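Structure assessment
In case you want the letters, here they are:
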Amino acid sequence: MEEKVRGLLAQSKADEAIDLLTRYQADGGVMDDTLFYLLGNAWRKKGNWQMAMNNYLEAIHRNPESPAVQALEIANEILAFYNKDMYNQ
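Structure report, in brief. (Residues numbered from 1 in each chain as written. Predicted model: local features only at pLDDT ≥ 70, side-chain atom pairs only at ≥ 80, totals over all residues. Heavy atoms only, no water.)

For the rest of this paragraph, the subject is the nonpolar core. Val5, Leu9, Tyr37 and Tyr56 are the most contacted members of the largest nonpolar core, which has 24 residues in total. Those elements that provide at least two residues to this core are α1 (2-10), α2 (14-26), α3 (33-45), α4 (49-62) and α5 (68-81). Considering each element in turn, this core owes the most residues, seven residues, to α3. (Core = buried A, V, L, I, M, F, W, Y, C linked by side-chain atoms within 4.5 Å. Buried < 20%, exposed > 50% of the residue type's maximum accessible area, 1.4 Å probe, protein only. Helix = DSSP H or I, 4+ residues; strand = E, 2+ residues; numbered from the N terminus.)

The next point concerns the packing of aromatic side chains. Summed over all chains, the structure comprises one aromatic pair. Geometrically, the ring pair formed by Tyr37 and Tyr56 is tilted, given 6.1 Å between the ring centres and 35° between the ring planes. You can see Tyr37 sitting in helix α3 and its partner Tyr56 sitting in helix α4, a full 19 residues away along the chain. For Tyr37, a relative accessible area of 16% translates into the label buried. A relative accessible area of 1% means that Tyr56 is categorised as buried. (Phe/Tyr/Trp six-rings, centres within 6.5 Å; stacked < 30°, edge-to-face > 60°.)

With that settled, consider α4. Its 14 residues place the ends of α4 20 Å apart at the C-alpha level, agreeing with the 20 Å of an ideal helix rising 1.5 Å per residue. Looking only at α4, the buried set comprises Ala52, Met53, Asn55, Tyr56 and Ala59. The buried residues of α4 occupy one face: seen down the axis, they fall within an arc of 165°. Residues of α4 that are exposed and point more than 90 degrees away from the buried face comprise Gln50 and His61. On the buried face of α4, the contacting elements are α3 and α5. (Expected span 1.5 Å × (residues − 1). Arc of directions from axis to C-beta. Contact = heavy atoms within 4.5 Å.)

See the structure below:
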């Protein structure tokens with residue numbers, strides 16, 4: 001499953017990766033920290049930061065050594081830097 005999702009993300013097919021992982025989870029598939037991390041990456045590629053961060057947090061909960069730790073830190077830095085008011089002038 002992991003390799004298939006990585007392949008979809010490498011091809012910029014975030015929607016397909018999300019669909020695949022969502023169906024996998026709904027069918028009772030075991031989501032480990034790596035799959036939650038990859039799901040977070042797919043949501044990030046779609047610009048849904050909240051879903052990305054939620055999945056990164058789940059990955060970290062399951063494995064504190066997950067690469068999701070760094071991904072979450074980067075997401076927080078980006079969101080802290082982003083100034084939404086600048087675009088509303």
